[in-house]
Amino acid sequence: LDARVIRASGDPRQRFAEDKLRVLRGIRFAARFGFEIESATWEAIRDDASKIHAVSAERIRDELVKIFTHPSRVRGFDLLDASGLLRELLPEVDALKGCEQPPEFHPEGDVFVHTRIMLELLPAEVSLPLVFGVLFHDLGKPPTFQRDETGRIRFNGHEYVSAELTRAIMGRLRFSNAEMDATDALVRNHMAFKDVQQMRVAKLKRFLARETMDDELELHRVDCASSHGMLDNYDFLLAKREEFANEPLIPPPLVTGHDLIALGWKPGPKFKETLDAIQTQQLEGALKTREDALL
């Protein structure tokens, strides 16, 4: 402890054979406490990285959560990478290495470098969906990579591919459905921020009202700060949040399905279309009373 060194007791290979999770736990301790890993122990961790699959998904998940939700997450990320454990446990993240990005938007480098910088820019305290949303948000870039006839790099629809990969990884590691759904929302929606200044008021209010919006905003902030540095959409949304703060973003509906039935309507597809149209006008201030809406 005084020497700030992580060292297996006795023969490290024997210790890791007794419990193969110890290679991952050694990484976590070294990251959390800022200790160095003794050379023989480190060599054994690297040699035994491929044996981690013998450990249950739940135990692996718990160690990864502790590594990535801790303020020392970047050192943990680097040690996972250097040891070979990242490649074994999160091959989809390892595949980000060498995936080029348009230099005009991403002067920082490839997708792997971009993701690491985002982890570095996060605040010390993070939610589980936020940190894994950052880690997984661009997983779809390698499979959607295209270079058009002008030489410009594109990743059309990468957010949807990233979301599917996110669900596959989190399912593999036995995350809860709630954790999976929240992380999926961050990943799937992260490209929508580019359009916020063109949104109509109703759409913008619905956008801001999402349960995951606090984490989505933070992911967007570090996404921009780690690349092109333009935070105009982030600042716009903060200003709009303040502007809308005096009333609920989504107020109680002026008209419900019961009202439509009372007017003689038969339930069907037109119900939702009509109720959505009324809510849109309500959110934009065109309808203010139930009486006006019923007219």
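Before reading on, note that the structure itself is shown above.
The structure contained in this document is the topic of the report that follows. (Residues numbered from 1 in each chain as written. Predicted model: local features only at pLDDT ≥ 70, side-chain atom pairs only at ≥ 80, totals over all residues. Heavy atoms only, no water.)

**Topic: the overall build of the chain**
A tally of helices and strands in the chain yields 18 helices and four strands. Over its C-alpha trace the chain gives a radius of gyration of 24 Å, far above what one expects of a compact globule, namely 19 Å for 295 residues. Per-residue burial for the chain yields a buried fraction of 46% across its 295 residues. Partitioning the intrachain contacts of the chain with sequence separation of at least 6 by distance along the chain shows that 70% fall at a separation of at least 24. (Helix = DSSP H or I, 4+ residues; strand = E, 2+ residues; numbered from the N terminus. Rg over C-alpha atoms; globule rule 2.2 N^0.38 Å. Buried < 20%, exposed > 50% of the residue type's maximum accessible area, 1.4 Å probe, protein only. Contact = heavy atoms within 4.5 Å.)

**Some points on the nonpolar core**
Ranked by size, the top nonpolar core spans 57 residues in total, and within it Leu24, Phe68, Val93 and Phe136 carry the most contacts. For this core, the leading source of residues is helix α9 (residues 128-136), giving seven residues. Not counting residues within four places of it along the chain, the set of residues in contact with Phe68 comprises Arg73, Phe77, Leu80, Leu119, Val126, Val131, Phe132 and Leu135. Counting 11 residues, the second largest nonpolar core, distinct from the first, contains Phe193, Phe207, Leu208 and Leu217. (Core = buried A, V, L, I, M, F, W, Y, C linked by side-chain atoms within 4.5 Å.)

**Some details on the packing of helix α5 (residues 73-83) against helix α8 (residues 111-121)**
Running from amino to carboxyl end, α5 crosses α8 at an angle of 150°, the nearest separation of the two axes being 8 Å. With respect to α8, the axis of α5 lies roughly antiparallel. Mapping the contact onto sequence places Arg73, Val74, Phe77, Asp78 and Asp81 in α5 and Phe112, Arg116, Leu119 and Glu120 in α8. Among the residues forming the contact of α5 with α8, the class breakdown is four nonpolar, no polar and five charged. (Axes fitted to C-alpha atoms, helices over the stretch in contact; angles between N-to-C directions. Parallel < 35°, antiparallel > 145°, perpendicular 65-115°, else oblique. Nonpolar A, V, L, I, M, F, W, Y, C, P; charged D, E, K, R; others polar.)

**Overview of helix α11 (residues 158-172)**
A rise of 1.5 Å per residue sets the reference length of α11, with its 15 residues, at 21 Å; its end C-alpha atoms lie 21 Å apart and thus fit the reference within 8%. Tucked into the core, α11 has its buried residues touching α7 (91-94), α9, α10 (141-144) and α12 (177-189). One or two positions beyond α11, positive phi appears at Arg174, with a value near 65°. (Expected span 1.5 Å × (residues − 1).)

**Some points on the pattern of salt bridges**
Counted according to the given criterion, the structure contains 33 salt bridges. Notably, a salt bridge pairs Arg174 with Glu58, separated by 3.9 Å at the nearest N-O pair. Here Glu58 lies in helix α4 (residues 57-69) and Arg174 lies in the loop between α11 and α12, a separation of 116 residues in the sequence. When its relative accessible area of 48% is taken as the criterion, Arg174 is described as partly exposed. For Asp138, the salt bridge goes to Lys141, with nearest N and O atoms at 3.3 Å. In this pair, the class of Asp138 matches that of Lys141, namely buried. (Salt bridge = Lys/Arg side-chain N within 4 Å of Asp/Glu carboxyl O.)

**Structural notes on a nonpolar patch on the surface**
Judged by side-chain polarity, Leu263, Trp265 and Leu294 come together as a nonpolar surface patch covering roughly 270 Å² of accessible area. Mapped onto the elements of the fold, Trp265 is located in the loop between α16 (257-262) and α17 (269-283). (Patch = residues over 30% accessible without salt bridge, like charges linked within 9 Å, V, L, I, M, F, W, Y side chains within 5 Å. Areas by Shrake-Rupley, 256 points an atom, 1.4 Å probe, with all protein chains shown as cover.)

**Let's talk about the packing of aromatic side chains**
For any two aromatic rings, the description comes down to two numbers: the centre-to-centre distance and the angle of the planes. For the structure shown, the criterion picks out 10 aromatic pairs. For the ring pair Phe132 and Phe136, a centre distance of 5.8 Å and an interplane angle of 45° mean the geometry is tilted. With Phe132 and Phe136 both in helix α9 and four residues apart, this pair spans about one turn of that helix. We note that Phe132, like Phe136, is buried. (Phe/Tyr/Trp six-rings, centres within 6.5 Å; stacked < 30°, edge-to-face > 60°.)

**Re the state of the cysteines**
For the structure on display, the rule yields zero disulfides. The thiol sulfur of Cys99 is not disulfide-bonded, and the nearest other cysteine sulfur, from Cys224, lies at 19 Å. By relative accessible area, which is 7% here, Cys99 ends up buried. By relative accessible area, which is 6% here, Cys224 ends up buried. (Disulfide = S-S within 2.5 Å.)

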